[in-house]
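# Examining the three-dimensional arrangement
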Amino acid sequence: MGAAVLSVQGLGVATTRTPLLADVSFTIDSGERVGLIGESGSGKSLTALAVMGLLSDGVRANGTVELAGHEGNLLERPEREMAKIRGSDMAMIFQEPMTALNPTMRVGAQVAEVMRIHGTEPSKAAAKSRAVELLDSVGLPDPANVARSYPHQLSGGQRQRIVAAIALANSPDLLICDEPTTALDVTVQALVLDLIVRQAQERDAALLFITHDLAVVATVCERVMVMYGGRIVEAGPVTEVFTDPRHHYTQGLLAASDLSMPDGSRRERRSLPTIAGSVPGAGHFPDGCVFRNRCEAATEACTEVPTWHDRGDGAGYACVHPLGADSSSGHGARDD
Amino acid sequence: MILPLVRRFGVLVASVVASSLVVFAFMQVLPGNPARVALGLNASEGAVERMTTQFGLDRPLPVQYWEWASGMLTLDPGIEYISKAAIGPQIADRLLITLWLVGLAMALAVAIAIPLGVWMAVRHRHADGVVLTAASQIGVAIPAFLAGIVLISIFAVRLRWVPSDGWVAPAEDPVLFAKSVVLPTISLALVQGSVLARYVRSAVLDVLREDYLRTARAKGLTPMQALWRHGSRNAAIPVVTVMGLQLATLLVGAVVIERVFVIPGLGSLLLDSVSDRELLTVQSIVMVLVVAVLVINFIVDALYLMIDPRLKTGAR
Amino acid sequence: MTQPIEQEITRSRRRPINATLIVGAVLVGVIVATAAVSLVWTPQAPMRVLSTEAYQRPNAEFWLGTDRLRRDVFTQILLGARTTLLVGIVAVGVAALIGVPLGILAAMSAGWFGQLIMRSNDILLAFPALLLAIMFAAIYGGSTQVAMVAIGIATIPSFARVTRASALSVLRTEYVTAARAAGRGPVAIAVRHVLPNVASLVIVQASVAFAIAILAEAALAYLGLGTPTGQPSWGRMLYEAQSTLRSAPHLVLIPGIAIAWSVLGFNLLGDGLRDYLDPKLEDR
């Protein structure tokens, strides 16, 4: 594990009317694989887009985002300079392989393009042959033939491998994956996951892995951050967070997931428990602790934004009534 | 790519035949003898009878249809009932004028609409984009002939920069040609340009929302580069359809504009033939316009095949 | 996983009424009100030649002036609104009443019959409204009735197309499969499931077609192939005013604005309805 590649401090994102993200801070070292989890609408993808500088018109980010090898705050860089960083030093794999590729362009050309944009390959021909090599390295059979195909002629898994090839082409220092396997068949998911992890390791890239699938985080990542309501509510090593959660939201996520329990036993139950209520729409989260309207432990004290309790080594949580520390909150008991 | 093209060509031929039957049949539903209609109620029985035999209007309909249709194919549908002038050459001369008008108007409309539409889409959250979009909505609502009349009143009547009507062939005098054609062209292009710009806007907006455009930006393209390299071809697919429809609309819209500016194009010939009750001429002109529309549709289909690779392989 | 998607749809269905829709409804409302007023009151007797000066500018007695034949322009505008709406309603009515059932029929009959309907539709599509109206006028002579029927017939294909596309997507849904499995007949499916689901698109199409019909009628009247002299029509007023463009420009401007106003109104209404009814929203 090396030096910090990505450092995010106090990142906030808002439209003119609604705040969407607040006070998001984390760092990722080179070679480190960090998961970002939470329900849909919790702000995971927005965090990724803010780091990439790909927020849509009318949505603004503040705070600092620093990438190793680049002076200063990325959020303050003009678009043209950000374009130079994107695709070379940081890259992203998106959720929907079916729509992430241009339907009217051969996939080989789409892979070659990212090397031509950044001048990684000296000529069009060189980029083309390198593209075929890349397609081979992401495990596509008959890569020369695939390069000549259009996206609609390929399966979802094949397309996601191509999207991965595009992201990996220039060996980025930071690779962001936004639910890269959610849209894929279960049988293909493991293969693509394996590919991403292996390729990131080969390049010693920092990996930010967004998913709502806790099992995926458990296999892929070393560290995990739990997001809810546009805030990071808990973070730490995967084993620590998953076995000994402090935040009630994390506990709810774990209870609702099919993940095996730390003691190795799968809990006996007929149906998965869910977290009470549903994720509010953007801008409709309560003030103070964003989870308090769905939290059974919430009290008057939760109307203040909870402070971040550092557990050391990048781990910590933001809760006034943390689990474990206060056994009277009776975690887990309610399910039986 | 060849096979679907052949298939579509077959559809074109079948459509031309079917529509020629429709046009022919339509003109036959006319109450009474066509010779009587052409000559008017005051004509003598003898004159009507003479004309009926001369034009063979009493022959069986299939024979009449065949004569007309085969005549159309050889560009010689016959002669006019009253003036006895040959219809083919007249249509050819007039069509040339209309094509000038339509071609120039379409070129101007495209030249206005594409940059304007892209601008409106890219700036759709900003004041200038919203204002332009609203303005284009007003442009759509102004009929071409109204724009023509207003333009005449300003540039021909008040400022006297250009003539208010008439036509000079380009070969005859290029300067006078330009002067005679500028207002009609603008009148036609203003409306069609506004319509097209709105379609370009929504096509570009659709493309801007596409995931692959975000992928393109994640690769390191600036927004405009991404739009140009990855968006233009995809946005062109719906826009080409509209352009085809617009060419058809322009051909017919030219009928009205030719009347406003007193231009001796195909539209004027059509209207004169309607009022002179030269039904064979009306029938032939309508057929020419319908064939033009069908051919335009065919060309649009062919362009699709070139733009969208998904159609080539037949997969979706 | 389906829950957030469902939420999103219901959320956008309940989208607030947009500005486009309001402006469009107001513009159309004014035309409707104008036409309604003309039923009970006009400043002067309809189309009557008055014993006053011709070519008067707008003034206290004649709010919008008088024309070449010494008729009150305001009265003509009021009556013209009626003609405009009548043409639109009849043309759109003809087109919808024929086009919508044809579209549903084409969608529901997969074989040669559906093909036949759509092929005939494509051929009719090659006859633009104005051209078809000119053909009708050549045979039956020019009149408001002929114009609106011709425009209506020419508008059938657009309704049939929109309906068919929409009906096809409804027919692919699971609840239709369920209804079929439950033994419901095709007519019941068409009436209970397809029709309500294509209704919103048909309404949008009707608004847009209304605008096109107004434009076509105005052009026909201008060409002397639509509403004849002596009957109120904005297009006709434009034609009559063109020769006196220099001396009385208001005679062009007033009916011109009226036409543009109503076309703009129906276009905006259509756009606004589309945004309001279509869950696949266009953010602007």
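Residues numbered from 1 in each chain as written. Chains lettered and ligands numbered in written order. Predicted model: local features only at pLDDT ≥ 70, side-chain atom pairs only at ≥ 80, totals over all residues. Heavy atoms only, no water.

### Re the environment of Val170(C)
Residues and elements named next belong to chain C. Residue position: Val170 is located in helix α6 (residues 144-171). A relative accessible area of 7% means that Val170 is categorised as buried. Sequence separation between Val170 and Ala190 is 20 residues; the distance between their C-alpha atoms is 9.9 Å. Beyond its immediate stretch of four places on either side in the chain, Val170 contacts Tyr175, Val176, His193, Val194 and Asn197. (Helix = DSSP H or I, 4+ residues; strand = E, 2+ residues; numbered from the N terminus. Buried < 20%, exposed > 50% of the residue type's maximum accessible area, 1.4 Å probe, protein only. Contact = heavy atoms within 4.5 Å.)

### Here we look at the interface of chain C and chain B
Listed by partner, the interface residues are 36 residues for chain C and 47 residues for chain B. There are 1 salt bridge connecting chain C and chain B. Applying the counting rule to chain C against chain B returns 2 residue pairs in polar contact (both at pLDDT 80 or more). Elements supplying a minimum of two residues to the side of chain C that touches chain B: α4 (112-125), α5 (129-140), α8 (186-223), α9 (234-242) and α10 (250-277) of chain C. In terms of residue count, α10(C) provides more of the side of chain C that touches chain B than any other element does, 9 residues in total. Looking at side-chain class alone, the side of chain C that touches chain B contains 27 nonpolar, 3 polar and 6 charged residues. (Salt bridge = Lys/Arg side-chain N within 4 Å of Asp/Glu carboxyl O. Polar contact = N/O pair within 3.5 Å; in protein donor to acceptor, adjacent residues only side chain to side chain. Nonpolar A, V, L, I, M, F, W, Y, C, P; charged D, E, K, R; others polar.)

### Quick notes on the state of the cysteines
Summed over the entire model, instances satisfying the criterion amount to 0 disulfides over all chains. Of all cysteine sulfurs in the structure, the one in Cys302(A) sits closest to Cys289(A), which takes part in no disulfide; the separation is 5.7 Å. (Disulfide = S-S within 2.5 Å.)

### Side note on the environment of Gly88(B)
Residues and elements named next belong to chain B. Along the chain, Gly88 falls in helix α5 (residues 87-122). For the pair Gly88 and Thr281, spaced 193 residues apart in sequence, the C-alpha to C-alpha distance is 9.0 Å. If near-sequence neighbours (up to four positions away) are discounted, Gly88 is found in contact with Leu75, Pro77 and Gly78.

### Examining the confidence of the model for chain B
Residue and element names in this part refer to chain B. On average, residues of chain B carry a pLDDT of 87, and 97% of them reach 70 or more. Mean pLDDT across the secondary structure elements of chain B bottoms out at helix α2 (residues 34-39), with 73, and peaks at α5, with 93. Interface confidence for the predicted complex, expressed as ipTM, amounts to 0.86; the pTM equals 0.82. (pLDDT = per-residue confidence, 0-100.)

### Brief notes about the pairing of strand β8 (residues 223-228) of chain A
All names here are of chain A. Among the 6 residues of β8, 6 are classified as buried, and the element is accordingly described as predominantly covered. Residue alternation in β8 divides its side chains into two sets, Arg223, Met225 and Met227 and Val224, Val226 and Tyr228, and both sets are buried. Note: strand β3 (residues 33-37) against β8, 4 bridges, orientation parallel. Residue Val34 lies in a different strand from β8, and its bridge partner there is Arg223. (Pairing = 2+ DSSP bridges.)

### A few points about the sheet that holds strand β2 (residues 19-29) of chain A
Residue and element names in this part refer to chain A. Spatial strand order, β2-β1-β4: 3 strands in an open sheet with antiparallel pairing. Lying at the two open borders of the sheet, with one neighbouring strand each, are β2 and β4 (59-67). In this sheet, adjacent strand axes meet at a mean angle of 5° when their direction is disregarded. Of the strand pairs in this sheet, strand β1 (residues 4-15) and β4 are connected by 8 bridges, and their pairing is antiparallel. Bridging from a neighbouring strand, Gln9 pairs with Thr64 of β4. Most of the contacts of helix α1 (residues 44-52) go to β1, to which it runs at about 110°, and overall it touches β1, β2 and β4. (Axes fitted to C-alpha atoms, helices over the stretch in contact; angles between N-to-C directions.)

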